[in-house]
Amino acid sequence: MTEISDARIARGREVISEKEAARHGVELVYVNTASQEDPEKHLMDLTEGKGYDDVFVYIPNAAVCERETGCWLTTGA
């Protein structure tokens, strides 16, 4: 999950922890993109450059939407 607020990341962890996600076979990573020099590169590095199968954007912010589309998996897998 990406966010620009440490407080909202903390709240996200209260709702769904990394440990809880792992129990369901999901690797959940919380990233404060405001603290990243190149957020898209950092997110792609987390997948070794492969990208993501699913990207959900829950904020009506053009810059966030544009950045996240760069992380989509392009193989159609």
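Caption draft 1: Focus on the pattern of salt bridges. One pass over the structure, following the stated rule, counts five salt bridges. Linking Arg23 and Glu20 is a salt bridge whose minimum nitrogen-to-oxygen distance equals 1.9 Å. Remark: Glu20 and Arg23 occur in helix 2 (residues 18-23); sequence separation between them is three residues, near one turn of the helix. In this structure Glu20 comes out as partly exposed when scored by relative accessible area, which is 27%. Between Asp45 and Lys41 there is a salt bridge, with the nearest N and O atoms lying 2.8 Å from each other. With a gap of four residues between them, Asp45 and Lys41 both fall in helix 3 (residues 39-46), about one helical turn apart. We classify Asp45 as partly exposed; its relative accessible area is 46%.

Caption draft 2: Local environment of helix 3. Three or more residues of helix 3 are buried, namely Pro39, Leu43 and Met44. The buried residues of helix 3 occupy an angular sector of 130° when the element is viewed end-on, so they sit on one face. Positive phi appears at Glu48, one or two residues downstream of helix 3, with a value of about 55°.

Caption draft 3: Representation of the environment of Thr2. Tracing the backbone through its elements, the reader meets Thr2 in strand 1 (residues 2-3). For Thr2, a relative accessible area of 30% puts it in the partly exposed group.

Caption draft 4: Highlighting unusual backbone geometry. Despite not being glycine, Glu48 shows a phi value in the positive range, around 55°. Exposure remark for Glu48: the relative accessible area of 70% places this residue in the exposed category.

Caption draft 5: Expanded view of the environment of Met1. Structurally, the position occupied by Met1 is in the segment before strand 1. Distance from Met1 to Val31, taken between C-alpha atoms, is 6.1 Å for residues 30 residues apart in sequence. For Met1, the contacting residues outside a window of four places in its chain are Arg8, Ile9, Leu28, Val29, Tyr30 and Val31.

Caption draft 6: Representation of the side chain of Glu3 within the structure. Tracing the chain through its elements places Glu3 in strand 1. Note on Glu3: relative accessible area 17%, which makes it buried. Polar side-chain contacts of Glu3 include one of 3.0 Å to the side chain of Arg8. The contact partners of Glu3, leaving out residues within four places of it in the chain, are Arg8, Ile9, Val31, Asn32, Thr33 and Ala34.

Cut-offs used in this document
Residues numbered from 1 in each chain as written. Predicted model: local features only at pLDDT ≥ 70, side-chain atom pairs only at ≥ 80, totals over all residues. Heavy atoms only, no water. Salt bridge = Lys/Arg side-chain N within 4 Å of Asp/Glu carboxyl O. Helix = DSSP H or I, 4+ residues; strand = E, 2+ residues; numbered from the N terminus. Buried < 20%, exposed > 50% of the residue type's maximum accessible area, 1.4 Å probe, protein only. Arc of directions from axis to C-beta. Contact = heavy atoms within 4.5 Å. Polar contact = N/O pair within 3.5 Å; in protein donor to acceptor, adjacent residues only side chain to side chain.

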